[in-house]
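The chain contents come next:
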Amino acid sequence: MEILSLLGHGFEIALTPTNLLFVLVGVLLGQIIGLLPGIGPAAGMALLLPITFGIPPVSAIIMLAGIMYGGLYGGTLTSVLINVPGEAASVMTAVDGHQLARQGRAGAALSIAALGSFLAGIGAVIAVVFLTPVLSDFALGFNAPEYFLIATFGIAATASMGTCSAVKALLVAVAGLMISLVGTDPLLGTPRLTFGSVHLLEGLDFLPVAIGLFGIAEVLVSIEKREDLEPMKTRLRDLWISWADWVHCRMAILRGGLVGFFTGLMPGAGPTIAALLAYVAEKRYSKHPERFGKGALDGLAASESANNSAVHGALIPMLALGIPGSASTAVLLAGLILQGIRPGPMLMAEQPDLVWGLMASMFIGNVMLLVLNLPLAPLFASMLRIRYDYLAPGILVLSLIGAFGTTLSLFTVGVAIAFGMLGYAMIKLDLPRPPLVLALVLAPLMETSLRQSLMLSQGSLAIFVQRPISAVLTVGVLLVLLLPLVRAFRARKRHIVNEGSL
């Protein structure tokens, strides 16, 4: 009852006219930032940090948090409509979302994404309210071995993506890991595979790679096929989700929200890993896994629910321990410090107005985002009625501007164009593209955690099975790697049996 009383006090703070305005400004800015490839919520929050000077701490943090979770809603639009993910967490949305758009179901895709994000976000906020003190201890149980195994699980799970063979998906993921080695050694600080280029010292950022592989490559393929230059069909009845769609996706939203929330608890994991794990889990659970990668509405619902839930879940270690759970919460932590507030175990006791006002504002912000996005889904989807030969130049310009915006360097634009050509070749060769981008995202966490683990154990691999959590994760990784082999063996055995019966 005490928690409900404190939450009620939080609503009193959040519902003041000033704070309501800052919630609205935050979610609107988040939407706009999410729409622009190359920025993303974390960068947008960092750019807007200076304007929080002079603003009351509660209002400033409420606005920054609105940008944080509002940005994920905005990133959905570009992923679904033009296949250009604005950030890593939107890659899984682009996989099925754009396929649905090409099938004339862009409105349904945007609607289920908005609904899934809302429900998962509200559920995560409720969990944050009631479970912050308890689950902060769970987050502390993760160390370098667990992070390495989580990243490895994500890489291994890429075999479940796409419609091609698991071997192809894993080979593409290995190629992504190799590309991630370009840059500066994270522990020693020495350059590697840069070939003397200053531009490569920081490595290849995932955004220009993702923009090239998805946005530019898709445009090149569509232009080549003259029939795809006609406007995408968008029938009025397909612009909203039907009751059958809701029934089909409701459990995917629940599962995605749970996966996202618990992934968000782990500092450093973030919404990208959450979306990947939720997508893979949903494909394994689905009765029709063959639809994934071809326009699976439940796959889209799971990944969108997971990334929104993860953003809210990441607040728990940040508020309770002062440990940011993602890039966005790291910027939010910086915002708190700029206001003279230090997160930690005593934050709830020392700053109850800020903590409970923030939690209450997230309920209000998610409602605002639903009201903004659900009715406007058909309007956004109707953009696809424009002939593609008019849209294609705009998509290319937006992609190149997004690539340039990541570093303000023309070299990054060249990287996006190069990976656009690579993505075009991968489409022609029937190679899945998401594993390459996701391997590029997960590689830094994987490499750093592996090397830290081996330094802690003085080179012994036993560290990966000595702790209960790491032992369970090790078994999970092995199962994911062995499952495609078991399936191939069974398929071959059935083939031999069928030939024998003939």
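Just so we're clear, the structure is a prediction, and the values are computed from it rather than from any experiment.

Participant: Could you clarify how one ought to interpret the overall build of the chain in this entry?
Facilitator: Tallying secondary structure elements over the chain gives 22 helices and 2 strands in all. Buried residues in the chain amount to 54% of all 502 residues. Partitioning the contacts of the chain with sequence separation of at least 6, the portion at a separation of at least 24 is 79%. About 21200 Å² of surface is accessible on the chain, with carbon and sulfur atoms providing 70% of the total.

Participant: Is there a simple way to explain the pattern of salt bridges in this structure?
Facilitator: Side-chain pairs of opposite charge can arise whenever the charged atoms involved come near each other. Scanning the model with the defined rule gives 6 salt bridges in all. Between arginine 255 and glutamate 282 there is a salt bridge; the shortest N-O distance is 2.8 Å. Remark: glutamate 282 occurs in helix 11 (residues 270-285) and arginine 255 occurs in helix 10 (residues 243-264); sequence separation between them is 27 residues. Judged by its relative accessible area of 23%, arginine 255 falls in the partly exposed class. Residue class for glutamate 282 comes out buried when judged on its relative accessible area of 3%. Salt bridges linked by common partners bring Asp185, Arg192, Glu447 and Arg451 together as one network.

Participant: Would you take a moment to explain unusual backbone geometry for this structure?
Facilitator: Backbone geometry follows two general trends: most residues other than glycine have a negative phi, and most peptide bonds adopt the trans configuration. We note that leucine 193 has phi near 55°; this positive angle belongs to a residue other than glycine. Tracing the sequence through the fold places leucine 193 in the loop between strand 2 (191-192) and helix 9 (206-224).

Participant: Would you mind going over the nonpolar core with me for this structure?
Facilitator: What tends to happen in soluble globular proteins is that the nonpolar side chains get buried as a cluster. In this structure, Leu332 and Met359 are the most contacted members of the largest nonpolar core, which totals 53 residues. Contributing elements (two or more residues each) for this core: helix 1 (2-14), helix 2 (17-35), helix 3 (40-48), helix 4 (57-82), helix 6 (106-140), helix 13 (315-321), helix 14 (327-338) and helix 16 (352-373). Counting residues in hydrophobic clusters, the runner-up holds 40 residues, among them Ala151, Ala173, Tyr279 and Phe292.

Participant: Explanation requested: the confidence of the model for the chain in the structure shown.
Facilitator: As a note on interpretation, predicted positions should not be read in detail where pLDDT is low. Of all residues in the chain, 82% have pLDDT values of 70 or greater, and the mean over the chain is 77. Ranking the elements of the chain by mean pLDDT puts helix 17 (residues 377-381) last, at 63, and helix 19 (residues 410-428) first, at 87. Note on residues 227-231: pLDDT under 50 across the span, and 14 contacts to partners over four residues away in sequence or across chains.

Participant: Got a minute to help me understand the packing of aromatic side chains in this structure?
Facilitator: How two aromatic rings sit relative to each other is given by the distance of their centres and the angle of their planes. Under the defined criterion, the tally for this structure stands at 4 aromatic pairs. Between phenylalanine 148 and phenylalanine 464, the aromatic rings sit 5.1 Å apart at their centres with planes inclined by 45°, giving tilted as the arrangement. You can see phenylalanine 148 sitting in helix 7 (residues 144-157) and its partner phenylalanine 464 sitting in helix 21 (residues 463-466), a full 316 residues away along the chain. Residue phenylalanine 148 shares its accessibility class with phenylalanine 464, and that shared class is buried. Seen from their ring centres, tyrosine 279 and phenylalanine 292 are 5.4 Å apart, and the 70° between their planes marks the pair as edge-to-face.

Participant: For this particular structure, what's the right way to read the environment of phenylalanine 292?
Facilitator: Looking at the secondary structure, you find phenylalanine 292 in the loop between helix 11 and helix 12 (297-313). Along the sequence, phenylalanine 292 and glutamine 99 sit 193 residues apart, while their C-alpha atoms lie 9.9 Å from each other.

Participant: Even after reading the chapter, I still don't get the packing of helix 2 against helix 16, so can you show me in this structure?
Facilitator: Working note: a packed helix pair is described by the angle between its axes plus the distance between those axes. Following both chains from N to C, one finds helix 2 and helix 16 inclined at 50°, their axes separated by 10 Å at the closest point. The angle between helix 2 and helix 16 falls in the class oblique. Crossing hand, helix 2 versus helix 16: right-handed. Each of Leu20, Val23, Leu24, Val27, Leu28 and Gln31 in helix 2 lies in contact with helix 16, whose residues at this interface are Ser361, Ile364, Gly365, Met368, Leu369, Leu372 and Asn373. Among the residues making up the contact of helix 2 with helix 16, the classes are represented as 9 nonpolar, 4 polar and no charged.

Participant: Help me understand helix 2 in this model?
Facilitator: Every α-helix carries 3.6 residues per turn, so stepping three or four residues along brings you back to the same face. In this model helix 2 runs 27 Å from its N-terminal to its C-terminal C-alpha over 19 residues, within 8% of the 27 Å that 1.5 Å per residue would give. Considered for burial, the residues of helix 2 that qualify are Asn19, Phe22, Val23, Gly26, Val27, Gly30, Gln31, Ile33 and Gly34.

Reading the values: the criteria
Residues numbered from 1 in each chain as written. Predicted model: local features only at pLDDT ≥ 70, side-chain atom pairs only at ≥ 80, totals over all residues. Heavy atoms only, no water. Helix = DSSP H or I, 4+ residues; strand = E, 2+ residues; numbered from the N terminus. Buried < 20%, exposed > 50% of the residue type's maximum accessible area, 1.4 Å probe, protein only. Contact = heavy atoms within 4.5 Å. Areas by Shrake-Rupley, 256 points an atom, 1.4 Å probe, with all protein chains shown as cover. Salt bridge = Lys/Arg side-chain N within 4 Å of Asp/Glu carboxyl O. Core = buried A, V, L, I, M, F, W, Y, C linked by side-chain atoms within 4.5 Å. pLDDT = per-residue confidence, 0-100. Phe/Tyr/Trp six-rings, centres within 6.5 Å; stacked < 30°, edge-to-face > 60°. Axes fitted to C-alpha atoms, helices over the stretch in contact; angles between N-to-C directions. Parallel < 35°, antiparallel > 145°, perpendicular 65-115°, else oblique. Left-handed = near helix turned anticlockwise from the far one by under 90°. Nonpolar A, V, L, I, M, F, W, Y, C, P; charged D, E, K, R; others polar. Expected span 1.5 Å × (residues − 1).

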